[in-house]
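Understanding the architecture of this molecule
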Amino acid sequence: MESARMLVFNQLETYLYLALMLFAIGLYGVLARRNLIAVLISVELILNAASINFMAFNRFLAPTPAVGQVITLFIMAVAAAEAAIALSIIVAVYRKLRSVNIEQATELRG
Amino acid sequence: MTEHLASFPVLSCMLLAPPLGLFVLLFLKEEQQFLIRVVSLVAAGISFALSIYTFAAYDQKLGGLQFVEKYEWVKTFGITYFVGVEGMNAPLLLLTGIVIFTGVLTMWELQDRVKEYFIFQLALVTGVFGVFMSYDMFFFFLFYEIAVVPMYILILIWGSTRKIYAAMKLTLYLMAGSGLIIPGILLLYASSGIFTFDMVRLHAVQFAPWVQKLTFVMMYLGFGVLAGVWPFHTWSPVGHVAAPTAVSMLHAGVLMKLGSFAILRVAMYLCPQGFQYWAQLMGLLAATGIVYGVFVGLAQTDLKYVIGYSSVSHMGIVGLGLATGTVDGLNGAVFQMFAHGVMTALFFSAVGFIYDRTHTRDIHELGGFSKIMPVASAFFITAALCGAGVPGMASFWAELLVLVAAVKVFTVRGLFAIAALVIGALFALRVVQNTFFNEPNPKFIHYEDVSPFLGLPRMILIGFMIFFGIFPQVMVGLIKTSIIPFIQGL
Amino acid sequence: MGSVNPFFLGCTLSLVLSLSAFGLIMIFTWRRPKLSLAISLTVSTICLIIAWLTFIKLSALKEPLILSVDWMMSDQIRVPFGFLLDPTSLLMFVIVATISWLIQLYSIGYMAGDSGFGRYYAFLSLFALSMLGLVISSGLLQLYICWELVGLSSYLLIGFWYEKFSASEAGKKAFVVTRFGDIGFFMGLAFLVLNFGTLDIHSINSAAMSKAFPAWLLTPAALLIFCGIMGKSAQFPIHVWLPDAMEGPTPVSALLHSATMVAAGMYLLTRLFPFFSCSPTAMTVILTICTITLLLSSTIGMVATDIKQVWAYSTISQLGFMGMGLAAAGLTGGYLFAGFYHLTTHAGFKALLFLCAGVFIHHFHTNDFFVMSAKGGRRLLIPMVTVTIGALALAGIFPFSGFFSKEAILAELWNLPNKMWLGLGLLGAFLTAYYTFRVIFVLLFPRPQAVGGGHGVEEEHGHGHGQEEEHGVPWVMAVPLIILAGFTCVLGFLQAPIQKFLLGEVHHHAPNYVLLVSAVGCALGGIGMAWLDWGAKGAKWEGFIRKVPVVENFFIQKWYMDHFWRWFLNTVIYGLFSRTFTYNDRRVVDGGVDAVAFGTIGSGRLLSFIQTAFLQLNLLFMVLVLGGIGIYLLMGR
Amino acid sequence: MNMMLFGPELYFLGMALVLFFLSLQRRVRVEQTYYVALWLSVGGVVLAGWCLFQEGELFFKAYKVDLFSQIFKAALAVGLFLVLMISRNLAHVEERCHPEFYLFLTTCTLGMMMLVSSVELLTIYVSLELSSYSLYILVPLRRGDDIDTEAGIKYLFIGAVSSGFMLFGLSYIFGATHTTYLAEIMPKMGQLIQNPIGVVGLLLALAGFFFKVSVFPFHFWAPDVYQGAANQVTTFIATASKAAAVAMLLRFAALGASFGYSFAEALVVLSIASMTLGNLVAIIQKDFKRMLAYSSIAHAGYILMGVLTMKEAGYISAIYYALAYLFMNFSVFLVIHEVASDGRDLKIPELAGLWYRSPLLTMTLILGIFALAGVPPSIGFTGKLLLFTSAMSSGYFWLVLIGAVNGTISLYFYLRVVYHAYFLEPGPRPKIHLSWPSRLLNYGVCGIIIGFGVFPDRIVELAKVAARLVL
Amino acid sequence: MNWLISLITPVGLASGAFIMVVAMTLLGALIAVAARNIFHNVLGLALCLIGVAGLFLYLNSPFVALMEILIYVGAICIAICFAIMLSAPMYLPLPPRHPLKILGALAGAGLVFAFLALLTKKTTWAAASVRSDDWSITTIGHYLLTDYVLIFEVISLLLVVAMLGAVVTARGGRGSS
C-alpha cells in the first residue's frame, strides 16, 4: 500500500503538474500563434488542463468521486459550445479579412 | 453648541427656492425671456428676503444654532439633513442672498441662451446656500460640489477671453481640491468611531493628533484652492476674467468664501489641534498671498485680472484672520468674507457693465469713463475705494480687525500685510485713474450710462457695503456670538 | 450717559448732516448744481453755527468733556465712537468749520458753471465730515478712520478734474503717499492697542504724563504715529504729494493747505503732545525732520514760478516750522501753544493766500505769476491788497498774525540748548520772507517784456467758464478774502486769550529782544533781498540763487525728491517686485499647474500604448500582470 | 417548489422560446418582433419586481433566491427593458437577425439572472458562460464598419483565456475545499489562511468576473468591444452585464473575507490600477463609446473599492453603485443612440451643438456625464461618496486619496463631452426629434439619477439587507 | 536489468503505460501549439486529448475518458477541421515567425507556470476526512439529475445558443459573400 502511494501515477502532484504543463503550453499557444484556429486549439488545451485538475482532485481529495467527473463532463460541453461559437466567428473574420491571422485585425487600438 | 429648532422651515425654503425656480424654468420656452427672468428673480428674491430675515431675526442673546432643521437622511451611513444658522454663517447667507439677487438683475440684459443661463446660475446658488447652512459633512460636500461644477458651463458658454481654457482649469483645479477634501472628510468620519457626518457630534469627538494634523492640512489645501490661498490662486484671475459678469460676481463674491468658510467651519472646527499645528503655515501663506496679490495686480492691464488679484490679496486677509485663531481675527475674517463678497460683486458688476458695452477691459484702451458713464464709474470707484480699505466701507472694519489681530499673533507677517495696504491703494487707484479718469477715449464716447433699473443692483450692493461700514457692530455683534464659543472649543 | 449732552448732540448732528449732505448729493442731486449747493451750504452753515456756539459756550471749560459709545466691539479690539471736547479740539473745530464754510462760499463763484458742480459740493461735505470727525474724536482709532477719510476726500478733490492726467495723477499720489505714512500710523495704533489696551486720547495723554508707558513702548509708538503725521503734513521725505495737490481747484488747495488735510497732521501732533513729549528721542527725530522740511521747501519755493506751487511750498515750510515749535517745546518741557498758535494763524493767512491766488487764476487763466503780472494782476484791487496782507503775515511782519506765532516758535527754539536749531529756524524765516515777497514784487511791478520764465505752467482749467471774460471779483469770492484778511490782521493780538483758552493760563515771557530783533531782521532781510532781486527798479528779475546754477537747478528739480520717488516706484515697485511676481505667477505657479495637467494628459497618451491593436500583446500583458500579482502573493507565504 | 422563486428565470426562458420561434419565421416582421420583445421585457420587469422579496433555495441548494439576487435580477430585467427601449431602430443589425438579436439579449439576461442566484461553482461557471456566449455572438452581429468581427474575436479570446484562468482557479478551490457549494466553501476558506491556495485560487477564480467588470488587467476587450459592437449591445454590456458581474464579484469576494488584508491587497492594487489607467487613457479618446469603455474600466476600479472592504458598508455601497452605474451609464448611451440614430460610432466632436439640436438630450447627457464624474446631486456622486466612505472606514486611506484624485482626472474628459455638447455650434446638423416614449425615457432616467441621488436611503436600506445575505 | 524486469510487473506496466500517456499528452500539446501546419495542430490536439483520456483512465474514470474521446476527438476536432477547410487555404505561404513574440509568449507562459508551480509546491493538499468510493456511472447520472440538474438544463440551453449563434454568425456574414 505504501509503495502504491509512492507510485508516480498515484500522486496528486503528478497530475497537477501535468495539468499545469498543459495549461502553460496552451497559454503559450494563445500568446504565440497567429492563426486563430490554432489559438482556439490552445484554448481547448487550457480547458483540458482544468479538467485534469478537477479529475485529479476528484480522485485524490474529494469526498464524493462523482462531482469532479460531472464537472469535467460539463466542461466538455461548454468547450464544445465555445468551439462552435469561436469557429463561427473565425469564419466570419475570415470572410471579412480574407485571413485567419489575428495580427491582421488591427483596426481597434489606443 | 445649543440648537434651537425652527418652527417654520426658513432655511429649507431659502435653500429650495432656487431649485424650485430652476424646475419651473425647465418647462419654460427659450422664447419667453421675460418670464424666465422674472421667475429667476422671484426665486432669488425669495432667498434674498429669507436671508435678510434670518440675519435680522437671529437672536443674539440666545446664541447658538438657530432655525435648525434636522432629519435622518441615510441612517446606515450616519447622514442627516441638518441645517442651521449661527453667527458665522448668517452674514454669508445674507451675502449669498444679496449677490444672487443683484446677480440676476445684473444679467437682466442677457440675450444668449437665457433659460440655460438662469438654470445653471440657480443651481449654483443652491449649492452655495447649502454649504453655508449645512451642518452635516455629507451635505456640506454635496452642496460644495454643486456650487463648483455649474461654473464650468457658465464660464464656457457665457464667458469671454480664453474661456475654454479658463473654465477647464478652474473646474479641474477646484475638483482637485475636492480630491483632497473627500479623504479628509472621510478620515474624520471613519476615525470618529461614531460613523456620523453630523459636524456638531463630530466636534465632540477627540480625534487623535495625527488624524487632526493630516485632515486639517488636506482640508486646508483642498478648500484653500477655492479660497484662493496662495499659491493655489492661479485659477481665480483666469477664471474671473473668463466668466460672465454675474458669474464673476457669484464666484469671487460668494464662491471663494465657500472655501474660507469651509476651512473655518469644517477644518478648524473639527481639527483644533491640527489647526494649532498648521496655523503658522496658514499665516505664512495668507500673508504671502496678501503681499503677492497686490504686487501682481499692479502689473495687470486687464480690469478683471486686476480684480482677480485683488481678490487673492483680500482673501489672504481672510486667511490671515483665520490663522490667528483669536476672536478678533476670526470676527474680522468672517466680516471680511462678507465685505469682500459685496465689494467684489460690485467690482465685477461695474466692470461687466462697461465690458458689455465696449468689449474691452484693457485699462489702457479704456479711459475717461467717468465722463462717459459717471454712474457706472462711480460704482467701480466706490468698490475700488472699498478695496483700498477706505473707512466707511465694510471691508475697512474687517481689515482692521484682522490686521491688528495678526500683528498680535504673527507680528512680522502682520506688519507685512499692513504694509501691503499701500500697494493695495496704489493698485486700486492706478486702475481707477487709467480707466475712469483722464481724457475719454473717443471710441466709447457715445455709450450710455447705467439705467436706473440696472443701477439698482449696484445700489443695493453699495447700500449694504456702506451700511455695514457705518454700523459694523450689527455685523460684528452677530458674528461674535458664534466665534466666541468657537474659539473656546478650539 | 444719562441725559444727552447738547454739545455732543451738536457734534453728532454736524457729522450726520455732513454725511447726509454727501449722500444726498451723490445719490440724488448731483446733476442739479443749485440744489446741491443749497444742501451743502445749508449743512455747512449749520456746522459753522454749531461750532461757534460750542466754542463760545465751552470757552470756560475746566475739564475736557468726553463722550464715548461703542461703535464696534470685537473681543479685544473695541472701537469707541465719541467726542473729546477740550480747548485744543474746540479751537480746531472752529477753525475747520469756519474755513470750510468760507471755502464753500468762495467756491460758488469759483466753480460756477463747472460740470461737476454738484459732485464738488458733495466732496466738500465729505471733507468737512471727515475733518470735523477727526478734530473732535475721542479715540485714536476714530481719528484714524477720519484721517483716512480725509485722505479719501482729498484724493477725490485733488483729482476733481479727472480728465486731466496731471490732476488724476496728483490725486493718486496724494492718496498713496499719505497712505504710505498711514501704515506707520496704523502699525503704531496696533502696537499701542496691543500693548496698552486702549486708544483713548485722553487716557493715552494722561498715561504718558504719569509715565505709565515704558520707553520701549513709547518711542516706537510715537515714531510710528509720527509716520502718519509726516504723510499728512507733508514732511520730508514724503512731502512730494503736496505741491502736486494744487492740481485740484484752488479753493480745494486753500482748504487742504490751511485748515484740513495738512493741518490734520500737526493737529495730531498737538493732540498727542503730552504723549510725544515724553519721548525725547522721538521729539529729536521730529525736530530734525521738520527742520529739513523747512529748509527744503523754502529753497524750492525760491525758484518756483507757479503761484500755487509757491504757496504750497510755503505751506510745507510752515508745517515744518510748526513741527519744530512743537518738538522744541516737547524737548524743553514747554507747552504746545506755540506750534498750535502758528497752526491757527497759518490757517487764516494761508487760506487767504490761496484764495487770492484763486482769484488771480480765475481771472487770468494761468498759474504762472509772471504771466499774471504781465497781464496786469495788480489791477485787481481787493485780491492784491489781501494777498499782500497774507504775504506779510507769512513773512512774519508785525502786526500781522504770522509775526506773533513765528515769534512764539522761535522762542521755543531759543530755549533749546543747541542753538543750531534756532539758526536754522531763522534761516527758514529769511527764506520764507524772500520767496513770499518774490511773488508779491513780481505781481506789483510787472515787466511784460521779461516774461519767459513761466512757460510750461498750464492753465488750471480751461473749460466751463473760460470763454466768458469776467471783470472784477464776484462778491462771493471777495467776501471770504476780506474776512480772512480781517482774521489775519486781528489774530495776532489774540495771542493771550488764545493761550489762556488753550492752556488755561497765560505764560508771560519776558520779551526776548535779541530774538525779536534777529527774527524781524531775518524777515526784513528776506524782503529786502526780494526787493533787490525783483522789486527794485534795477532789479535783474532773477533770484540771487542763479549765481550758483548748480544749486538753483537742484532747487528747481525739487531736491530730486520727485525723481527719487518716481525711480523708486518704477524701478523697485513696478520693475522689481511687480514684474518678478507676475513672471513668477505666470510661469512658475501657473506654469506648474499647467505642467501637472499636461503631464496627466501625456501619461494618458503613454498608457494608451498598452492597448495595442494586437490581441496577443494584450493577452501577454494580462498574463504577466496576473502572474506577477500571483508570485507577489506567494512570496510572503 | 414555489414557482415564484424561479419565476423571472422561467419567464425569460419562455421569452427566449417565443423569440426563438419568431426567428424561425420565413419573413421577419421587424416591428412586430420588436414589440413582442419589448412587451415581454416589460412583463419581465414587472415579474422581477413582483418577486423582489422572494426567498428560498432551489435545485439542491445550488440556487439561492434572496433579496441580494432578486435586486440584481430586477436590475437586469430593467436593464434589458431599457436596452430594448432604444432598440427600436436597430440600424446596424440586419433585419433578418432581429429576432436572434432579441433572443441573445434574453438568453444573456437569463444567464446573468442565474448567475446572480447561483451559489455553486459549476452553476456559476455555466451561467457565466451562457451570458458570455450570448454576448460573444451579439458583438459581431453588427454590420457596416469592419470592426465588429475584430471586436468579437478579441472579446471571445480574452474571455476564453479569462474563463480558463477562472476554471483553473475554481479547480483549486474545489481541490482545497472539496466542495463546490459556496455555503460550504465559506467556512473552509477560514481554515486555509496559512495555505496560499485559498487566496490564489480565489484570485484566479475572480479572473472571470474581473473580465466581466473589465478590471485591469482583464480590461483589454472593453475599448474594442464598446467601439466595435452595435450601440445597443454596447449599452447592454455596459449596463446590465456590469451589474450582474458586480453581484458575483461581491459573492465571491466574500469568500476571501477571512484572509483579510492579504487578499484585499491584491484587490487594492487592481482597483488603483484600474481607475488610474481607465481615467488617464480616457482623456485622449475621440470615440465616445471608447471613452466610455475606459470610463467603465475606471468605474470597475471604484466598485472594487467597495468590494475589497469585505464589510457590510462596502457591500452596500458597491450594490448601490452597481445599480447607479446601470442608470447613469444608460442615460449616456441613450443619448448616443438618439444622436447616432443610424447606428454609427459616435465621435465626441459629433456631439457638437447638441444643446441646440435637442435640449432634452443635452440635459440627459449632462446629468449622466456628471453622474459618472461623481458630481452632485446625482446618483453617481452619492454612490461614489458611499464607496469612498466605506473604503475609508476600513482603513484604506491611500486608496481613497487616489480614488479622489482620480475623480478629478476623470472630470477632465467628462467635461470635454459637456464642452462639445454644450458649447460648440451645431453646424449643419438638424434638430433631433424624439418620440414620446423616448422623451419619457429621458425624463425617467433623469428623475432616477437625481431622485435616488438625493434620496438614497431607500436603496441603501435594501442594499443593507442584501449585503448581509452574502457576507 | 532490474528496471526492465520491473517494467513487466503490473505496477511497472502501469507506470510504463502512464509515462506513455503523459508523453502522448505533452507531445500532442506541443504539436498542437508549435507545428506550423494547422492540420498538424489539429492532429496534435487529437493526440493530446487521447492522452488526456488516458489520464482520466488513470484517474479511475473510464466514463469520462470515453466522453473525452467522443466529444473532443470526435466532435470538436472535426468541427475545427471543417472550420479550417472553410477558411484559410492551406497552400498559402506562411509569414515567418516573430522571435520577439515567441519570446514574450514563452515568458508569459513561463511566468504563469512558475507561479502555479510555486503555488502547487507550497500548498499542502488535504484529503477530505470522509471519502466515499462510489465510482459508478449510476452515481454520476444520479448527480446529473439531482445536484446538477439545473446545470444539466442550462447546458442544453447553452448549446442551443451556441448553435444558433454559430448559424447566425456564419450565415453569410454581411451578405457580400
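Anything mentioned here points back to the structure above.
These remarks concern the structure in this document. A quick note: this is a predicted structure, and the numbers were derived from the prediction, not measured.

Some remarks on the overall build of chain C
- Secondary structure summary: chain C contains 25 helices and two strands in total.
- Seen through its C-alpha atoms, chain C measures out along the principal axes to roughly 110 × 65 × 55 Å.
- Within chain C, the fraction of its 637 residues that count as buried is 63%.
- Pairs at least 24 apart in sequence give 80% of the contacts found in chain C among residues at least 6 apart.
- Summed over its atoms, the accessible surface of chain C is roughly 22200 Å², and 70% of this surface lies on carbon and sulfur atoms.
- Of the side-chain charges in chain C, 35 are positive and 30 negative, and the distance between the mean point of each set is 1 Å.

What about helix H12 (residues 272–298) of chain B?
All names here are of chain B.
- Taking 1.5 Å as the rise per residue, H12 with 27 residues should run 39 Å; its terminal C-alpha atoms sit 37 Å apart, in good agreement.
- Bending of H12 peaks at approximately 55° at the position of Trp-278.
- Of all 27 residues that make up H12, 19 are buried, and the element is covered over most of its length.

A short note on the environment of Gln-285 of chain D
- Secondary-structure assignment places Gln-285 of chain D in the loop between helix H11 (261–283) and helix H12 (288–307).
- For Gln-285 of chain D, a relative accessible area of 5% gives the class buried.
- Apart from the residues lying within four places of it in its own chain, the contact partners of Gln-285 of chain D are Gly-110 of chain A together with Arg-290, Met-291, Tyr-294, Ile-348 and Arg-416 of chain D.

Focus: the interface of chain C and chain B
- In this assembly, 51 residues from chain C lie in contact with 60 residues from chain B.
- Approximately 5100 Å² of surface area, both sides summed, lies buried where chain C meets chain B, with 70% of it carried by carbon and sulfur atoms.
- As a salt-bridge pair, Lys-169 of chain B and Asp-594 of chain C come within 3.4 Å of each other at their nearest N and O atoms.
- Run the count over chain C and chain B and you get 25 residue pairs in polar contact (both at pLDDT 80 or more).
- Of the residues belonging to the side of chain C that touches chain B, the class tally is 32 nonpolar, seven polar and 12 charged.

What to know about the interface of chain A and chain E
- The interface of chain A with chain E comprises 73 residues on the first partner and 87 residues on the second.
- A per-residue breakdown of the area chain A buries against chain E is headed by Tyr-28, Phe-74 and Met-76 of chain A, which together make up 9% of the total.
- Measuring nitrogen to oxygen at the nearest pair gives 2.5 Å for the salt bridge that ties Lys-101 of chain E to Glu-103 of chain A.
- Linking chain A to chain E there are seven residue pairs in polar contact (both at pLDDT 80 or more).
- For the side of chain A that touches chain E, the secondary-structure elements that each account for two or more residues are helix H2 (12–32), helix H3 (36–60) and helix H4 (66–97) of chain A.
- Of all the elements, H4 of chain A adds the most residues to the side of chain A that touches chain E, at 24 residues.
- Tallied by class, the residues present in the side of chain A that touches chain E amount to 53 nonpolar, 12 polar and eight charged.

Thoughts on the pairing of strand S2 (residues 65–74) of chain B
Residue and element names in this part refer to chain B.
- The element S2 is largely enclosed, with a buried count of seven among its 10 residues.
- Here two bridges tie strand S1 (residues 3–5) to S2, and the two strands are oriented parallel to one another. In the sheet register, Leu-5 faces S2, and the bridge partner there is Val-68.
- Pairing of S2 with strand S3 (residues 79–85), which is carried by six bridges, proceeds in the antiparallel orientation.

As for the environment of Pro-96 of chain E
- Along the polypeptide, Pro-96 of chain E turns up in the loop between helix H4 (62–86) and helix H5 (99–122).
- By relative accessible area, which is 64% here, Pro-96 of chain E ends up exposed.
- With residues up to four places along the chain from it excluded, the contact list for Pro-96 of chain E reads Arg-34 of chain A together with Arg-36 of chain E.

Some remarks on the arrangement of the chains
- Contacts are most numerous, across the eight pairs of chains in contact, for chains A and E.
- At the level of C-alpha atoms, the two units chain A and chain B stay apart, their nearest approach being 24 Å.
- At the level of C-alpha atoms, the two units chain B and chain E stay apart, their nearest approach being 36 Å.

Section: the side chain of Thr-309 of chain D
- Tracing the chain through its elements places Thr-309 of chain D in the loop between H12 and helix H13 (312–339).
- With near-sequence residues (within four places) excluded, Thr-309 of chain D lies in contact with Gly-314, Tyr-315, Ser-390, Ala-391, Ser-394 and Tyr-396 of chain D.

A look at empty space enclosed by the protein
Residue and element names in this part refer to chain B.
- What the rule picks out here adds up to 15 cavities of 30 Å³ or more.
- Of the volumes computed, that of the largest cavity is approximately 180 Å³.
- As for the largest cavity, its lining consists of 21 residues, of which Val-294, Ser-313, His-314, Gly-387 and Gly-424 are closest to the centre.
- Elements that contribute at least two residues to the lining of the largest cavity include exactly H12, helix H13 (303–324), helix H16 (374–387) and helix H18 (411–436).
- Ranked by the residues each element gives to the lining of the largest cavity, the list is headed by H18, at seven residues.

Describing the packing of H2 of chain A against H5 of chain E
- Here H2 of chain A crosses H5 of chain E at 155°, and the two axes come no closer than 8 Å. For the element pair H2 of chain A / H5 of chain E, the angle class is roughly antiparallel. Here H2 of chain A runs over H5 of chain E; the crossing is right-handed. Between H2 of chain A, through Leu-16, Tyr-17, Leu-20, Met-21, Phe-23, Ala-24, Leu-27, Tyr-28, Leu-31 and Ala-32 of chain A, and H5 of chain E, the contact on the second element is made entirely by Lys-101, Ile-102, Ala-105, Leu-106, Gly-108, Ala-109, Val-112, Phe-113, Leu-116, Ala-117, Thr-120 and Lys-121 of chain E.
- The class makeup of the residues in the contact of H2 of chain A with H5 of chain E is 18 nonpolar, two polar and two charged.

Description of the packing of aromatic side chains
- Tallying each qualifying case throughout the model produces 113 aromatic pairs over all chains.
- Ring centres 5.6 Å apart and planes at 85° place the aromatic pair Phe-621 of chain C and Phe-220 of chain D in the edge-to-face group. Placement of the pair is Phe-621 of chain C in helix H25 (residues 615–635) and Phe-220 of chain D in the loop between helix H8 (196–213) and helix H9 (221–228), with the two residues belonging to separate chains.
- Taking relative accessible area as the criterion, Phe-220 of chain D reaches 1% and is therefore assigned buried.
- Arranged with centres 5.8 Å apart and planes meeting at 35°, the rings of Tyr-155 of chain D and Phe-211 of chain D form a pair that is tilted. With a gap of 56 residues between them, Tyr-155 of chain D in helix H6 (residues 147–177) and Phe-211 of chain D in helix H8 connect regions that are remote in the sequence.
- In this structure, Lys-70 of chain B is placed above the aromatic ring of Phe-82 of chain B, and the distance from its NZ or CZ to the ring centre is 4.4 Å.

Describing the sheet that holds S2 of chain B
Residues and elements named next belong to chain B.
- Within the open sheet, the three strands sit side by side as S1-S2-S3. Their pairing is mixed. Every other strand in the sheet has two partners, leaving S1 and S3 as the edge strands with one partner each. Direction aside, the axes of adjacent strands within the sheet are offset by 45° on average.

Thoughts on the pairing of S3 of chain B
- The element S3 of chain B is largely enclosed, with a buried count of seven among its seven residues.
- In this structure, the hairpin formed by S2 of chain B and S3 of chain B is closed by a connection of four residues, where Gly-78 of chain B is found at a positive phi of approximately 70°.

Re a nonpolar patch on the surface
Residues and elements named next belong to chain C.
- Together, Trp-52, Ile-56, Trp-475, Val-479, Ile-483 and Phe-487 give the surface a local cluster of nonpolar side chains, amounting to about 550 Å² of exposed area.
- When contributions to the nonpolar patch are tallied by element, the ones reaching two or more residues are helix H2 (33–57) and helix H20 (475–491).
- Considering each element in turn, the nonpolar patch owes the most residues, four residues, to H20.
- Here Trp-52 is to be found in helix H2.
- For Trp-52, a relative accessible area of 31% gives the class partly exposed.

What counts, and where the lines are drawn
- Residues numbered from 1 in each chain as written.
- Chains lettered and ligands numbered in written order.
- Predicted model: local features only at pLDDT ≥ 70, side-chain atom pairs only at ≥ 80, totals over all residues.
- Heavy atoms only, no water.
- Helix = DSSP H or I, 4+ residues; strand = E, 2+ residues; numbered from the N terminus.
- Buried < 20%, exposed > 50% of the residue type's maximum accessible area, 1.4 Å probe, protein only.
- Contact = heavy atoms within 4.5 Å.
- Areas by Shrake-Rupley, 256 points an atom, 1.4 Å probe, with all protein chains shown as cover.
- Lys, Arg positive; Asp, Glu negative; His and termini not counted.
- Charge placed at Lys NZ, Arg CZ, Asp CG, Glu CD.
- Expected span 1.5 Å × (residues − 1).
- Bend = angle between axes of the 7 residues up to and from the residue.
- Buried area = accessible area lost by both parts, 1.4 Å probe.
- Salt bridge = Lys/Arg side-chain N within 4 Å of Asp/Glu carboxyl O.
- Polar contact = N/O pair within 3.5 Å; in protein donor to acceptor, adjacent residues only side chain to side chain.
- Nonpolar A, V, L, I, M, F, W, Y, C, P; charged D, E, K, R; others polar.
- Pairing = 2+ DSSP bridges.
- 1 Å grid on protein atoms, 1.4 Å probe; cavity = no way out; pocket = protein on both sides within 12 Å on 5 of 7 lines; lining within 4 Å.
- Points joined across faces, edges and corners; volume = space filled by probe spheres on them.
- Axes fitted to C-alpha atoms, helices over the stretch in contact; angles between N-to-C directions.
- Parallel < 35°, antiparallel > 145°, perpendicular 65-115°, else oblique.
- Left-handed = near helix turned anticlockwise from the far one by under 90°.
- Phe/Tyr/Trp six-rings, centres within 6.5 Å; stacked < 30°, edge-to-face > 60°.
- Lys NZ or Arg CZ within 6 Å of the ring centre and 35° of its normal.
- Patch = residues over 30% accessible without salt bridge, like charges linked within 9 Å, V, L, I, M, F, W, Y side chains within 5 Å.

The values reported here are purely geometric and, on their own, carry no functional implication.
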